[in-house]
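# Structural characterization, general
Listed here are the chains, written in short residue letters.
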Amino acid sequence: MDTIDLATGVPDIDSPQSAAAAAVEAISRGDTRYVGAAGIAPLREAISRSLRERGLAYDPSQIMVAAGAKLSVFCVLSALIKPGSNVVVPVPHYGGYRGHVEQLGGRLVGLTTTPDTGYKVTGAQLRDALDDETSVVLLNSPANPSGAVYTAEELAALADVVLNHSSAIVLSDEIYSRFVYDGLAAHSIGSLGPEILARTITIDGVSKAYGMTGWRVGYAAGPKAVIDVARRVHASLCNCASSISQWAALGALTGTPQNHHDVRRHQQLRDLSNAVVERWRGIRTVKPSGAIYQLIELVPEELGIAPGDGRSFFETWASRARVSIAHNGRFGDPVFGRLTFSVPRPELEEGLGRLSAALEELADTNQLSFGKGTMR
Ligand code: PMP
């Protein structure tokens, strides 16, 4: 095998047949024109039903379908922040957020998390970070890249802080809500009560749950006033998400078994990846409770590198192993990298084996001299 790609954010799942069939029907029927920036009504109705199953009461008029969850986040942030606004987000975080916030002239305020709290932000930490400039608190559970899943109690603590100490809106990115392991549940912060629901925008989509990243369909659900502005931003950027893809998404939501993404298989891949990575020297991780990624946190003092050298360390390691790893400081700090375990098992085994060997080799040949500081 040439280079093995463990950097991708694409789950190893095919789009469901029900999606493909609905798309073909839409084309044959001629449902191929602009459909309006909010998205087609039957899809918004299906989304509203599926959100209700998660305890989130959003009317179809409170939902906007956009070309992906990423664009949904951008449109909502455009509605919520102005130059100088603060957007608070736990670190490590999904790489897409920083670009969005900076393009809009906002300031990303990162809250560093550690393995002690399972890379989750606490109520006390959030309270310290909130100020009058805070417009948005961005949460992502199950999380990319750490796999952290917040419990209902942890979310309730964060909701309390937001409600009592700020006028911020919570942007809850739940794109990995289907990927939870060990019998845990993915809780939605907006399901915890009407007060927090009124201050929450929930983001989700079909990209990950149904293996439909290329169709480009995601959505935002929240207070109508915010969604209406987000919809106008969406209209100004691209009119609407592809009509064909929206029919495909409806086909996926209504005609696909709940377990299309095969949680059991994903949990086994997670077990494999975690068992290998937790043995690596100079690396911190947590067992992912959700999503499709294994976090890699470099411990500079153990690896003998300077904290800012994370990027060159990952580059050397990945090129020696011939395995691509996601990093580049895009998770909020150069010490963070990420492996995707949602790949065919033989590729995962081979990729992890190569990374293990390359890490040992880097230590043994004294290229890095773990702990001795030769790369400083
Ligand atoms: N949010 C998070 C946390 C993600 O990981 C991703 C994809 N990597 C997205 C949003 C974007 O999803 P989409 O492809 O639907 O735009």
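Summary of the structure given here. (Residues numbered from 1 in each chain as written. Predicted model: local features only at pLDDT ≥ 70, side-chain atom pairs only at ≥ 80, totals over all residues. Heavy atoms only, no water.)

### Examining the site of the ligand
Every one of the 13 residues lining the ligand counts as a neighbour, but A69, D173, Y176, S207 and R216 are closest to it. Contact distances for the ligand include 2.8 Å between an oxygen atom and a side-chain N or O atom of N144. Note that an oxygen atom of the ligand is positioned 2.8 Å from one of the side-chain N or O atoms of R216. Here the ligand has 400 Å² of accessible area as a free molecule, and 92% of this is covered by the chains. One can see that the ligand is located within the second largest pocket. Of the residues that constitute the shell around the ligand, the class distribution is 5 nonpolar, 4 polar and 4 charged. (Near = heavy atom within 4 Å. Polar contact = N/O pair within 3.5 Å; in protein donor to acceptor, adjacent residues only side chain to side chain. Areas by Shrake-Rupley, 256 points an atom, 1.4 Å probe, with all protein chains shown as cover. 1 Å grid on protein atoms, 1.4 Å probe; cavity = no way out; pocket = protein on both sides within 12 Å on 5 of 7 lines; lining within 4 Å. Sits in = over half its atoms within 2 Å of the grid points. Nonpolar A, V, L, I, M, F, W, Y, C, P; charged D, E, K, R; others polar.)

### Re empty space enclosed by the protein
Unoccupied space between atoms shows up once a probe the size of one water molecule is rolled over them. A complete count under the given rule lists 3 cavities of 30 Å³ or more for this structure. Lining the largest cavity are 13 residues; nearest its centre among them are P90, P92, N140, A143 and Y150. Its residues assigned to classes, the lining of the largest cavity shows 9 nonpolar, 4 polar and no charged. For the second largest cavity, the calculated volume is near 50 Å³. Lining the second largest cavity, in full, are L139, N140, S141, Y150, L155, S172, E174, H187, S188 and I189. The class makeup of the residues in the lining of the second largest cavity is 4 nonpolar, 5 polar and 1 charged. (Points joined across faces, edges and corners; volume = space filled by probe spheres on them.)

### Considering the side chain of R338
Mapped onto the fold, R338 is located in strand β12 (residues 336-340). This buried residue, R338, is left without a salt bridge; D5 holds the nearest opposite charge, at 7.7 Å. Among the polar contacts made by the side chain of R338, one reaches the main-chain carbonyl oxygen of A7 at a distance of 2.9 Å. Polar side-chain contacts of R338 include one of 3.0 Å to the side chain of N144. Sequence-distant contacts of R338, defined by excluding residues within four places in its chain, comprise L6, A7, T8, G9, N144, P145, Y293, Q294, I325, A326, R330 and F331. (Helix = DSSP H or I, 4+ residues; strand = E, 2+ residues; numbered from the N terminus. Buried < 20%, exposed > 50% of the residue type's maximum accessible area, 1.4 Å probe, protein only. Lys, Arg positive; Asp, Glu negative; His and termini not counted. Salt bridge = Lys/Arg side-chain N within 4 Å of Asp/Glu carboxyl O. Contact = heavy atoms within 4.5 Å.)

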